[in-house]
Amino acid sequence: MTAFKTLGQFIIERQKDFPYAKGELSRLLRDIGIASKIVNREINKAGLVDILGDAGSSNIQGESQKKLDIYANEQFIAALRSGGECCIVVSEENDEYLVIDSDISKEANYVVALDPLDGSSNIDVNVGVGTIFSIYRRKSDKGKLSTNEDVLQLGTEQVAAGYVIYGSSTMLVYTTGKGVNGFTLDPSIGEFCLSHPNMTVPATGTIYSINEGNYIHFPDGVKKYIKYCQVEDPDTKRPYTSRYTGSMVADIHRTLIKGGIFIYPPTTGAKKGKLRLIYECNPMAYIIEQAGGKASDGYKRIMEIEVKELHQRSSIFIGSMDMVLKAEEFMSSFSPKLFVKSFEGEVKIQ
């Protein structure tokens, strides 16, 4: 009988990769794993208790908050607060960053940015959702108040990133800059077990993922790439298959395993893109790059974009190396300047 390696065992074994951390990063990842189990439990019984639907409030993005959004946010913050290894939490659900100023957190070295429940609009229809997290080392001195310098860090400064997907099975996938590994939750023992070691994204694929309902609002480079994906060409296995769930975690998880490209481009209504840089684009970019893929805003590397605002938005082209490079070719053929609608209703470059 094969002995499974649990997430806890794996983290301890890899602790030697971070001699400066003295076990702190390992404990922080453990805390995130515990919170995700609690959230998973509630998601699995969502239809049986009163946690489906809207909470009647909105987050900083102006988006309607689901009851599970709020619940997940509370659980992750509680776990990070009690763990003592985190000094700041940045969350999609909070207007400002949260400073954890407790006795056990005074010496904390890490900043955690997270989207507690990505794709929550899918909750009511039983489609896969997820959690995205990113971890940075603090810049400010220990014992002093945390500052913007701690939270507005480049994606290249991440020391760990990951996501949890709550689907037909629950998986936690993460990287600490030493490759990507996936763990599946075994409900019979309540442990994440190593199921996908050394994950790599195929260099190319046959799936493109984008909300084509917004086609009229896309820049010409994106429109041209979509048409390229739909042209019949046996040598490149086109036309490609279109798959889009409305959950970034679910679509990128599929992309990581099967290959492909996930695109959330700028539109006439969101000229800088819609996804958040700190706790959505940067952590996913780190994971995909560590798996051998590529992440871009259409013109440059996601993780090198200057971070100026807590809830800064970005476009993203992410997935198989060859497919992202091809999409960048189409984007580079058109000016990256802001685009607007013409009087005829067509999207043109300005």
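This text follows the structure it describes.
Cut-offs used in this document
Residue positions are counted from 1 within each chain, in the order its sequence is given. Note on the predicted model: pLDDT of at least 70 is required for a residue's local features to be given, and 80 or more for side-chain atom pairs to be given and counted; whole-chain, interface and lining totals, by contrast, use all residues. Note that the side-chain values use all heavy atoms of the structure and ignore hydrogens as well as water. Using a 1.4 Å probe on the protein chains alone, a residue whose accessible area is under 20% of its type maximum counts as buried, one over 50% counts as exposed, and one in between counts as partly exposed. Runs of E in the DSSP output that reach at least two residues are strands. Runs of H or I that reach at least four are helices, and both are numbered from the N terminus. Centres within 6.5 Å make a pair out of two Phe, Tyr or Trp rings, where for Trp the six-membered ring is used; the pair is then stacked when the planes are under 30 degrees apart, edge-to-face when over 60, and tilted otherwise. Note on criteria: charge over ring means Lys NZ or Arg CZ within 6 Å of the ring centre, with the direction from the centre no more than 35 degrees off the ring normal. The salt bridge definition used is simple: a Lys or Arg side-chain nitrogen within 4 Å of an Asp or Glu carboxyl oxygen.

1. With respect to helix α7 (residues 277-290)
Phase 1 of the analysis: Of all 14 residues that make up α7, 12 are buried, and the element is covered over most of its length.
Phase 2 of the analysis: All of the buried residues in α7 are L277, I278, Y279, E280, C281, N282, P283, M284, A285, Y286, I287 and I288.
Phase 3 of the analysis: Just beyond α7, the residue with positive phi is G292, at close to 95°.

2. What about the packing of aromatic side chains?
Phase 1 of the analysis: Within this structure, the stated rule accounts for seven aromatic pairs.
Phase 2 of the analysis: For the ring pair Y174 and F183, a centre distance of 6.0 Å and an interplane angle of 20° mean the geometry is stacked.
Phase 3 of the analysis: According to the relative accessible area criterion, F183 is buried, its value standing at 0%.
Phase 4 of the analysis: Grouping aromatic residues by their ring pairs yields a cluster made of F10, Y174 and F183.
Phase 5 of the analysis: For the cation-ring pair, R238 lies above Y228, with the distance from its terminal atom to the ring centre recorded as 3.7 Å.

3. What to know about the pattern of salt bridges
Phase 1 of the analysis: As enumerated under the stated definition, the model contains 15 salt bridges in all.
Phase 2 of the analysis: Across the salt bridge formed by E92 and R276, the nearest N and O atoms sit 2.5 Å from each other. You can see E92 sitting in the loop between β3 (86-91) and β4 (98-99) and its partner R276 sitting in strand β14 (residues 275-276), a full 184 residues away along the chain.
Phase 3 of the analysis: A residue is classified by how much of its surface remains accessible, and E92, at 5% relative accessible area, is buried.
Phase 4 of the analysis: Through salt bridges with shared partners, a single ionic network connects E92, R276 and E280.

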